[in-house]
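Residue-level structural notes
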Amino acid sequence: MKRRKVDLKALPGKSAQEVDTRLPVATPLRGVLNKVFPDHWSFLLGEIALFSFIILLLTGTFLALFFEPSLQEVHYDGSYLPLQGVEMSRAYETALDLSFDVRGGLIMRQMHHWAALLFMAAIVVHMFRIFMTGAFRKPREINWIIGLSMFWLGFTEGFAGYSLPDDALSGTGLRIASAIMLSIPVIGSWVTTSLFGGEFPGEIILSRLYILHVFLLPLILLALVSIHVGLVFVQKHTQWPGPGRTNKNVVGERMFPRYAIKQGGFFMLVFAIIALMGGLFQINPIWLFGPYEAAVVSAGSQPDWYVMFLDGSTRLMPAWDIRFLGYNIPPLFWPTVVLPGILSVLPMAYPWIEARWKKDYASHNLLQRPRDVPDRTGLAAMAGAFYLVLTISGGNDIVADKFHISLNAMTWAGRIGLLVLPPLAYYFARRLALGLQQHDREVLAHGVETGIIKRLPDGRFVEVHQPLVAPDEHGHTDLPYVGWTVPKKMNRLGALGPAIRGFFRPIEQSAPPKQEEQPREEVTSGKP
Amino acid sequence: MSETNTQVRDAAGVDVANPNLTRFDIVREGARRDGVEIVHYEPQYPPGSAGERRMTRIVAFFFLLTGIMSTLFVVAFIWWPWEYELGPHASKYYTPILGLTLGLALVGVGLGVLTWGKKLLPHEIAIQERHDGPSSPEEQKLTGTTLQFIGDEMGLGRRPILKWSLLGLAPLGLAAAAIPIGALIKDPHHPDILFKTGWAGATPTNPIRLQHDDGTLVRPEMVSTGGQITVFPNIPGGSSNHYADSPTLLIHLREDDAAKLNGQLYTINQGSTWSSFVAYSKICTHAGCPASLYEQQTNRLLCPCHQSQFLITDNARPIFGPATRSLPMLPISVDKEGFLVATGDYKVPVGPAFWEKD
């Protein structure tokens with residue numbers, strides 16, 4: 001038999017051909033390689049959430065190999081001496097084992113927790129970016145709704161995970177959750193006993209939360225993440241206005257290799273931050289809290305940060321109890337069921353509300369700067385202020401303790417602040433947006449402020465402006481306002497040289513100063 | 001490199017079989033056929049320049065950092081003492097060392113890849129046309145009619161019996177829902193778990209003794225004046241989470257406070273105190289946290305979860321915060337052997353309110 005020599009150089013091309021004869025991918029693959037993505041730092045906020053989610057899946061799978069969501073009573077017999085012999089649930093014991101008796105278990109636990117916090121934080125910041133730049137407008141309403149749903153799914157997922165270790169903090173959180181379910185009119189008690197399999201805490205709740213936390217919710221989240229990113233891909237990313245950018249094109253870089261490289265590098269950086277935090281910063285040291293006992297709680301038991309706004313709303317709620325005909329609606333119902341209900345439905349409807357409000361039913365692929373839509377920016381500030389007051393109120397006992405303020409005063413400050421601050425935030429944000437817009441328009445009409453003050457013959461002082469184009473006879477320029485950055489400093493116009501580059505020492509030579517050899521006249525007093 | 005394409009391009013595009021084309025010419029033609037125009041393409045550094053060499057060295061340095069840090073990570077993971085020891089011990093640094101080495105290794109990959117992509121690759125601006133907006137009216141009509149035709153084929157409009165018989169399928173959905181709902185549902189009223197606690201068996205003739213967390217019984221002299229302790233029903237598992245609604249605060253009031261309380265007891269609480277002792281449910285009536293922060297000076301109980309405050313000297317009435325209901329009072333007494341006992345269950349349901357709780 002003749003031995004054939006394999007031509008290594010031709011191998012990739014040949015195998016590609018073999019693949020393409022079976023599955024013709026050449027055309028669609030090239031489309032993907034050449035797809036253009038616009039670039040801006042603010043487009044990367046959602047990526048942080050995506051990357052955190054991937055890290056959550058990886059670390060979570062590791063944790064699931066060791067954790068057992070069982071409420072069976074055991075006596076602790078692990079490495080952590082202070083809890084030796086203490087009666088606890090199997091869930092708490094395995095969570096302790098993960099921290100002390102599994103090599104590398106603690107860093108995985110902490111990375112999982114930090115990644116969850118970062119996931120929710122990235123979602124919130126990303127959501128603000130989408131809202132303030134109008135990226136939710138037609139044709140992207142569906143993706144806005146999917147994004148909002150993912151916030152609430154992530155919220156539930158985080159709460160379920162936080163409840164699993166069965167330490168003192170998770171038990172307290174779970175008890176409050178059961179009280180929230182109990183407060184629902186008519187069906188509350190049925191929902192609670194059905195979920196807990198009887199009275200709180202029962203024996204089964206951790207198994208149910210576990211399947212929710214490691215299977216159902218991640219599955220739904222994964223599906224929604226795929227649809228979310230898929231829709232961005234199909235509908236193409238929005239872009240900022242600018243030279244050559246229209247509602248009908250995308251200006252940027254092709255996906256491969258530049259965009260993919262940036263994404264890959266950024267993923268590694270997010271991963272790095274989470275690894276550093278997981279290793280260096282302690283989070284949720286469950287061994288200090290001890291096992292959950294119904295009679296024990298400590299002051300300063302705050303939930304994870306993304307739950308704090310609901311904790312705050314619960315604390316601020318006045319003691320209003322509605323009773324009639326032997327039935328009642330407890331005060332817990334309004335801040336923990338009705339408020340989240342409104343907070344999820346209202347934003348979902350917002351794209352259509354704004355379309356009617358502004359009578360704008362067109363499709364938009366160009367983003368708006370926050371200053372160019374003052375009303376919406378005001379609303380964002382209003383929502384932000386509302387959220388901030390609630391979140392701070394979620395830790396108002398800590399604030400009261402650290403700053404020696406009366407706790408009751410903190411509660412009242414929160415109640416009043418919740419009503420007063422959001423309208424104020426709306427007003428100031430709106431004025432700020434209008435002011436910034438006005439300044440841009442002024443530069444377009446008159447030019448850049450040079451900082452040179454000139455005294456006119458009649459004694460007036462004026463600042464010299466550098467017009468952006470040749471002005472008309474009144475000194476005005478008629479440039480259209482396009483909703484994008486205008487130059488505000490002379491060196492943006494090239495009037496001053498750019499700064500010399502280099503961190504420790506210059507990596508380039510500065511341009512030699514212009515030597516103008518002109519004959520100079522002697523300055524004299526004018527007298528002969 | 002920016003403008004090497006010297007080929008004349010006609011309407012049909014470039015002939016990709018032309019052997020004179022450079023690779024970039026072909027790439028640009030492929031992009032064009034995907035509706036992408038590469039309008040600007042230039043290297044950031046001239047090939048072989050000092051700047052390019054410098055960037056190459058930076059990328060190499062970052063990758064080297066990753067190599068070193070990953071190796072250190074593996075070494076530390078295997079050989080650093082990791083098993084927990086009390087007190088200062090090298091094992092306390094195990095997790096920080098893992099985090100530091102892993103984090104720096106990933107920083108190396110991340111920054112290396114980013115520098116490569118952002119500094120060494122030529123700068124490019126490409127423009128792609130969007131093809132969104134609705135489909136053409138003709139397309140819409142073709143698809144719409146196809147859908148309508150599917151409806152015609154099924155013939156529901158012409159066959160009313162079929163339409164009605166479809167209703168017969170509804171129970172199938174019910175059957176599917178019945179299994180999870182039927183298995184999960186639990187009646188909160190039979191037995192009446194929300195209205196009863198671990199003290200439920202107690203009667204004046206057959207009382208239940210109070211016990212500490214560890215099961216030891218409670219005598220009045222164990223609680224100093226102005227002091228308070230948490231007590232549980234002396235039944236099997238009485239201190240465990242199985243009776244999460246039963247933890248009770250036993251408070252030894254000062255004489256004047258006791259007189260004040262006894263002077264303004266609600267009718268339902270009449271006869272529930274013993275001497276200057278009073279026992280309130282520890283479970284907050286707001287959200288169910290233990291309302292256990294006892295302010296001895298002001299006679300208030302503070303719930304640390306949402307800061308509801310209850311006045312001990314007035315039936316544990318809520319005086320601040322979101323709670324609306326008083327903490328229920330447990331009727332207590334002392335038996336012949338001198339142990340504190342409960343002579344009955346709480347007269348109102350303990351813990352957070354719900355629809356059926358009047």
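Each remark here, short or long, concerns the structure printed above.
What this report covers is the structure whose coordinates are included nearby. Residue positions are given per chain, counting from 1 as you read along its sequence in written order. Starting at A for chains and at 1 for ligands, labels are handed out in the order in which the entities are written. Reporting in this predicted model follows two pLDDT cut-offs: at least 70 for local features of residues, and 80 or more for side-chain atom pairs to be given and counted; totals over whole chains, interfaces and linings ignore these cut-offs and use all residues. Side-chain measures here rest on the full set of heavy atoms in the structure, leaving out hydrogens and waters.

1. Details of the overall build of chain B
A run of DSSP states H or I qualifies as a helix once it reaches four residues; a run of E qualifies as a strand once it reaches two. Both are numbered from the N-terminal end. For chain B, the count of helices and strands is seven helices and twelve strands. The size measure is the radius of gyration over C-alpha atoms, and the globule rule it meets is 2.2 Å times the number of residues to the 0.38 power. Against the compact-globule benchmark of 21 Å for 358 residues, chain B has a radius of gyration of 39 Å, which places it well outside the compact range. In terms of its C-alpha atoms, chain B occupies a principal-axis envelope of roughly 110 × 80 × 40 Å. Out of the 358 residues belonging to chain B, those deemed buried represent 43%. We call two residues in contact whenever any of their non-hydrogen atoms come within 4.5 Å of each other. Contacts spanning at least 24 positions in sequence make up 56% of the contacts within chain B whose residues lie at least 6 apart. The accessible surface values rely on the Shrake-Rupley method and a 1.4 Å probe; as for residues, cover is taken only from the protein chains in view. Of the roughly 19000 Å² of accessible surface on chain B, a fraction of 62% belongs to carbon and sulfur atoms. Accessibility here uses a 1.4 Å probe with only protein chains present; expressed as a share of the type maximum, an area under 20% marks a residue as buried, one over 50% as exposed, and anything in between as partly exposed.

2. A word on a positive patch on the surface
There is a patch of like positive charges on the surface, built from A:Arg505, B:Arg53, B:Arg54 and B:Arg57. In this fold, B:Arg57 is placed in helix α2 (residues 50-79). B:Arg57 gets classed as exposed once you look at its relative accessible area, which sits at 54%. A residue counts toward a patch only above 30% relative accessible area and without a salt bridge, and it is joined to like-charged neighbours within 9 Å or, for Val, Leu, Ile, Met, Phe, Trp and Tyr, to nonpolar neighbours within 5 Å. Salt-bridge detection follows one rule: a side-chain nitrogen of Lys or Arg within 4 Å of a carboxyl oxygen of Asp or Glu. As used throughout, the charge tally considers Lys and Arg to be positive and Asp and Glu to be negative, leaving His and the chain termini uncounted. For this purpose, a charge sits on NZ of Lys, CZ of Arg, CG of Asp or CD of Glu.

3. Details of the interface of chain B and chain A
Contact with chain B, which involves 89 residues of that partner, is made by 100 residues of chain A. For the chain B face of the interface with chain A, the top three residues by lost area are B:Tyr84, B:Arg130 and B:Trp355, together amounting to 12%. Counting every contact that joins chain B to chain A gives four salt bridges. Here A:Arg258 makes a salt bridge to B:Glu124, at a shortest N to O gap of 3.3 Å. Nitrogen and oxygen atoms within 3.5 Å of one another constitute a polar contact, given that in protein one can donate a hydrogen and the other can accept it, and given that sequence-neighbouring residues count only through two side-chain atoms. At the surface where chain B touches chain A, the tally comes to 33 residue pairs in polar contact (both at pLDDT 80 or more). Of all the elements in the fold, those that place two or more residues in the side of chain B that touches chain A are α1 (23-33), β1 (36-42), α2, α3 (94-120), β2 (123-129), β4 (228-233) and β8 (300-302) of chain B. Broken down by element, the side of chain B that touches chain A gets its largest block of residues, 18 residues, from α3(B). In this classification, Asp, Glu, Lys and Arg are treated as charged, Ala, Val, Leu, Ile, Met, Phe, Trp, Tyr, Cys and Pro as nonpolar, and every other residue, Gly included, as polar. Here the side of chain B that touches chain A is composed, by residue class, of 50 nonpolar, 20 polar and 19 charged. The pairing of strand β4 (residues 249-254) of chain A with β2(B) spans four bridges and is antiparallel. Its bridge partner lying in β2(B), A:Asn249 is registered against B:Glu129. Once two parts are joined, some of their accessible surface, as seen by a 1.4 Å probe, is lost; buried area is that loss totalled over both. One bridge is not enough; two strands pair if DSSP finds at least two bridges between them.

4. Here we look at the pairing of strand β5 (residues 248-252) of chain B
Residues and elements named next belong to chain B. Burial analysis of β5 places five of its five residues in the buried class, which makes it a mostly covered element. Every second residue of β5 is oriented toward a common face, with Thr248, Leu250 and His252 on one face and Leu249 and Ile251 on the other, all of them buried. Sheet topology places β5 next to strand β6 (residues 277-281); five bridges connect them, and they run antiparallel. Paired with Thr248 across the bridge in β6 is Ser281.

5. What about the nonpolar core?
All names here are of chain A. Ile55, Phe119, Met120, Trp144, Phe151, Phe155 and Phe309 are the most contacted members of the largest nonpolar core, which totals 63 residues. Aside from chain neighbours lying at most four places away, what touches Phe151 is Met120, Ile123, Val124 and Met127. We define the nonpolar core as a collection of buried residues of types Ala, Val, Leu, Ile, Met, Phe, Trp, Tyr and Cys that are connected through side-chain atoms lying within 4.5 Å of one another. Among the nonpolar cores identified, the runner-up in size contains 31 residues, and Ala91, Leu164, Ile205 and Tyr210 belong to it.

6. Some thoughts on helix α4 (residues 90-100) of chain A
Every α-helix winds through 3.6 residues per turn, so residues three or four apart in the chain are directed the same way. Residue and element names in this part refer to chain A. The element α4 is largely enclosed, with a buried count of nine among its eleven residues. Where α4 is concerned, the buried positions are Ala91, Tyr92, Glu93, Thr94, Ala95, Leu96, Leu98, Ser99 and Phe100. Packing partners of the buried residues in α4 comprise α3 (45-64), β2 (73-75), β3 (87-89), α5 (105-133), α9 (205-235) and α11 (286-289).

7. Brief notes about the sheet that holds strand β10 (residues 317-320) of chain B
With respect to topology, four strands assemble into an open sheet ordered β7-β8-β9-β10 (chain B), the strand pairing being antiparallel. On the outer flanks of this sheet lie β7 (293-295) and β10 of chain B, each paired with one strand and no other. Averaged over all pairs of adjacent strands, the angle between their axes in this sheet comes to 35 degrees, without regard to strand direction. By the bridge criterion, three bridges tie β7(B) to β8(B) in an arrangement that is antiparallel. Among the inter-strand pairings, B:Glu295 is bridged to a residue of β8(B), identified as B:Arg300. Against the sheet, helix α16 (residues 407-446) of chain A contacts β8, β9 (309-311) and β10 of chain B, and its axis sits at roughly 70 degrees relative to β10(B). Lines are fitted to the C-alpha atoms to define the axes, a helix being fitted only along its stretch in contact, and any angle between axes, read from their N-to-C directions, falls within 0 to 180 degrees.

8. Remarks on the packing of helix α10 (residues 255-280) of chain A against α3(B)
Look at α10(A) against α3(B): their axes get within 7 Å of each other, and the N-to-C directions meet at 165 degrees. As far as their axial angle goes, α3(B) and α10(A) are roughly antiparallel. Considering the relative orientation of α10(A) and α3(B), their crossing is left-handed. Of the residues that constitute the contact of α10(A) with α3(B), the class distribution is 19 nonpolar, eight polar and two charged. Relative orientations are named as follows: roughly parallel for angles under 35 degrees, roughly antiparallel for angles over 145 degrees, roughly perpendicular for angles from 65 to 115 degrees, and oblique for any other angle. Helix crossings are classified by the rotation of the near helix relative to the far one: an anticlockwise turn of less than a right angle makes the crossing left-handed, while a clockwise turn makes it right-handed.

9. Some remarks on the state of the cysteines
Residue and element names in this part refer to chain B. In what follows, a disulfide is any cysteine sulfur pair within 2.5 Å. Enumeration over the complete set of coordinates arrives at one disulfide over all chains. With its sulfur 2.1 Å from that of its partner, Cys289 forms a disulfide with Cys305. Given an S-S torsion of about -90 degrees, the disulfide between Cys289 and Cys305 has left-handed geometry. Of the two residues, Cys289 is situated in the loop between β6 and β7 and Cys305 in the loop between β8 and β9; the sequence distance between them amounts to 16 residues. Residue Cys284 stays outside any disulfide, its sulfur separated by 3.9 Å from that of Cys303, the closest cysteine. The exposure class assigned to Cys284 is buried, which follows from its relative accessible area of 1%. On the basis of relative accessibility, which here comes to 2%, the residue Cys303 falls in the buried class.

10. Comments concerning the pairing of strand β8 (residues 461-466) of chain A
Residue and element names in this part refer to chain A. The pairing of strand β7 (residues 448-455) with β8 spans five bridges and is antiparallel. Bridging from a neighbouring strand, Ile453 pairs with Glu463 of β8. The antiparallel pairing of β7 with β8 creates a hairpin that spans five residues between the two strands, and Gly459 there sits at a positive phi of about 100 degrees.

11. Points about the side chain of A:His213
All names here are of chain A. Summarising the element assignment, His213 is placed in helix α9. Given the relative accessible area of 14%, His213 is considered buried. Excluding anything up to four places from it in sequence, His213 contacts His112, Glu157, Ala160, Gly161, Leu164 and Pro218.

12. Quick look at the packing of aromatic side chains
Ring geometry is summarised as follows: Phe, Tyr and Trp rings, the Trp one being its six-membered ring, pair when their centres sit within 6.5 Å, and such pairs are stacked at plane angles under 30 degrees, edge-to-face over 60 and tilted between the two. Under the criterion given, the structure shown has 39 aromatic pairs over all chains. When the ring of A:Phe131 is compared with that of A:Phe136, the centres are 5.6 Å apart and the planes differ by 20 degrees; the resulting orientation is stacked. Judged by relative accessible area, A:Phe131 falls into the buried class, the value being 12%. A relative accessible area of 0% means that A:Phe136 is categorised as buried. Judged by centre distance (5.9 Å) and plane angle (25 degrees), the ring pair of B:Phe73 and B:Phe77 falls under stacked. On the criterion of helical spacing, the pair formed by B:Phe73 and B:Phe77 is a turn pair, its members being four residues apart in helix α2. Ring-pair connections join several aromatic residues into one group, and the members of that group are A:Phe151, A:Trp152, A:Phe155, A:Trp305, A:Tyr306, A:Phe309 and A:Tyr387. Here, a charge over a ring is recorded when the distance from Lys NZ or Arg CZ to the ring centre is within 6 Å and its angle to the ring normal is within 35 degrees. The cationic tip of A:Arg415 hangs over the ring face of B:Phe320; the distance from NZ or CZ to the ring centre is 5.7 Å. Positioned over the ring face of A:Tyr481 is A:Arg441, at 4.0 Å from the centre of the ring.

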